[in-house]
Amino acid sequence: GESVGLHLPTLSVQEGDNSIINCAYSNSASDYFIWYKQESGKGPQFIIDIRSNMDKRQGQRVTVLLNKTVKHLSLQIAATQPGDSAVYFCAENRRTSYGKLTFGQGTILTVHP
Amino acid sequence: SAVISQKPSRDICQRGTSLTIQCQVDSQVTMMFWYRQQPGQSLTLIATANQGSEATYESGFVIDKFPISRPNLTFSTLTVSNMSPEDSSIYLCSVVSYNEQFFGPGTRLTVL
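Examining the overall build of chain A
Within chain A, the secondary structure is distributed over 0 helices and 11 strands. In chain A, the succession of helices and strands from N to C terminus is β-β-β-β-β-β-β-β-β-β-β. In summary, chain A has a C-alpha radius of gyration of 13 Å against a globular reference of 13 Å for 113 residues, a match within 12%. Dimensions of chain A, computed from C-alpha atoms along their principal axes, come out at roughly 45 × 30 × 20 Å. The burial tally for chain A puts 44% of its 113 residues in the buried class.

In structure tokens form, the structure reads like this:
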């Protein structure tokens with residue numbers, strides 16, 4: 001069946017570095033992608049989203065890139081801070097099943113001071 | 001944004017018993033969902049909680065095991081029935097509000 005997966009399960013960076021978290025998806029019908037941050041003991045928190053008619057979207061310190069040709073999604077975090085340490089999930093959705101997200105496996109980001 | 005609260009936040013239960021989890025949203029929402037997050041894993045959609053009608057379950061989840069109620073646009077319950085240790089997970093309520101999807105803090109369930 002369709003799946004959304006991540007290339008790297010863990011990522012360790014130094015404070016101030018830029019972080020890149022990758023995600024691959026297999027369903028070419030996906031048209032909406034979201035990145036979530038989950039801190040320990042909490043539910044996922046929305047970071048940024050992107051629709052399939054775009055290839056890049058920027059937020060505050062975060063950028064999401066979408067490459068539909070190779071079905072690849074990435075999250076870039078600029079000037080990573082210790083507070084960015086969390087598990088990051090990509091999720092995909094289709095317009096015909098709004099709200100029904102398929103999540104990737106997650107990447108643990110650890111930021112060292 | 002929508003603020004979601006869940007009760008209980010955590011519980012430890014004996015096998016064979018049932019637990020009902022409550023989800024309360026601070027505003028009326030059309031779409032409400034229940035997800036499961038097994039230990040160390042990602043989230044999986046259990047079902048869509050439909051107001052005024054039966055929930056819509058995803059493949060691998062059935063109503064007898066996970067009955068869901070949605071009496072109004074701000075509240076839903078998920079029951080985990082006849083629990084076994086394999087049901088130990090975090091159960092999360094999720095809503096769509098203003099084109100953004102929010103998640104509750106989750107209910108951490110441990111079944112002994």
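Brief notes about the overall build of chain B
The helix and strand tally for chain B stands at 0 helices and 11 strands. Listed N to C, the secondary structure of chain B is β-β-β-β-β-β-β-β-β-β-β in terms of helices and strands. In terms of overall size, chain B behaves like a compact globule, its C-alpha atoms giving a radius of gyration of 13 Å where 112 residues would be expected to give roughly 13 Å. Along the three orthogonal principal directions, the C-alpha set of chain B runs to about 40 × 25 × 20 Å. Expressed as a percentage of its 112 residues, the buried residues of chain B come to 50%. A separation threshold of at least 6 residues defines the contact pool for chain B, and within that pool the share at least 24 residues apart is 54%. A total accessible area of about 5400 Å² is found for chain B, and carbon and sulfur atoms account for 48% of it. Across chain B, the centroid of the 7 positively charged side chains sits 7 Å from that of the 8 negatively charged ones.

Quick notes on the state of the cysteines
Linking two cysteines covalently through their sulfur atoms gives a disulfide. Residue and element names in this part refer to chain B. The full count for this structure, using the stated rule, is 2 disulfides over all chains. The side chain of C23 participates in a disulfide bridge whose partner is C93; the two sulfur atoms lie 2.0 Å from each other. Torsion about the S-S bond of the C23 and C93 cystine: about -65°, corresponding to left-handed handedness. Highlighted residues: C23 in strand β3 (residues 19–25) and C93 in strand β9 (residues 89–97), separated in sequence by 70 residues. Across the pair, C93 and C23 agree in class, each one buried. Left without a disulfide partner, C13 is nearest to the cysteine sulfur of C23, which lies 18 Å away. By relative accessible area, C13 is classed as buried at 8%.

Things to note about the layout of surface pockets
Rolling a probe over the atoms, with the probe sized like a water molecule, indicates the empty space that remains. The space that makes up the largest pocket amounts to roughly 510 Å³. Put simply, the parts of the chain that give the lining of the largest pocket at least two residues each are β9 (86–93) of chain A together with β9 and β11 (107–111) of chain B. With 4 residues, the single largest contributor to the lining of the largest pocket is β11(B). Across the lining of the largest pocket, the residue classes tally to 10 nonpolar, 17 polar and 4 charged. Roughly 240 Å³ of volume is contained in the second largest pocket. Every residue along the wall of the second largest pocket is listed here: R94(A), S97(A), K100(A), L101(A), T102(A), F103(A), L43(B), T44(B), L45(B), E58(B), S59(B) and F61(B). Where the lining of the second largest pocket is concerned, the elements lending two or more residues are β10 (102–103) of chain A together with β5 (43–49) of chain B. Among the residues making up the lining of the second largest pocket, the classes are represented as 5 nonpolar, 4 polar and 3 charged.

Reading the values: the criteria
- Residues numbered from 1 in each chain as written.
- Chains lettered and ligands numbered in written order.
- Predicted model: local features only at pLDDT ≥ 70, side-chain atom pairs only at ≥ 80, totals over all residues.
- Heavy atoms only, no water.
- Helix = DSSP H or I, 4+ residues; strand = E, 2+ residues; numbered from the N terminus.
- Rg over C-alpha atoms; globule rule 2.2 N^0.38 Å.
- Buried < 20%, exposed > 50% of the residue type's maximum accessible area, 1.4 Å probe, protein only.
- Contact = heavy atoms within 4.5 Å.
- Areas by Shrake-Rupley, 256 points an atom, 1.4 Å probe, with all protein chains shown as cover.
- Lys, Arg positive; Asp, Glu negative; His and termini not counted.
- Charge placed at Lys NZ, Arg CZ, Asp CG, Glu CD.
- Disulfide = S-S within 2.5 Å.
- 1 Å grid on protein atoms, 1.4 Å probe; cavity = no way out; pocket = protein on both sides within 12 Å on 5 of 7 lines; lining within 4 Å.
- Points joined across faces, edges and corners; volume = space filled by probe spheres on them.
- Nonpolar A, V, L, I, M, F, W, Y, C, P; charged D, E, K, R; others polar.

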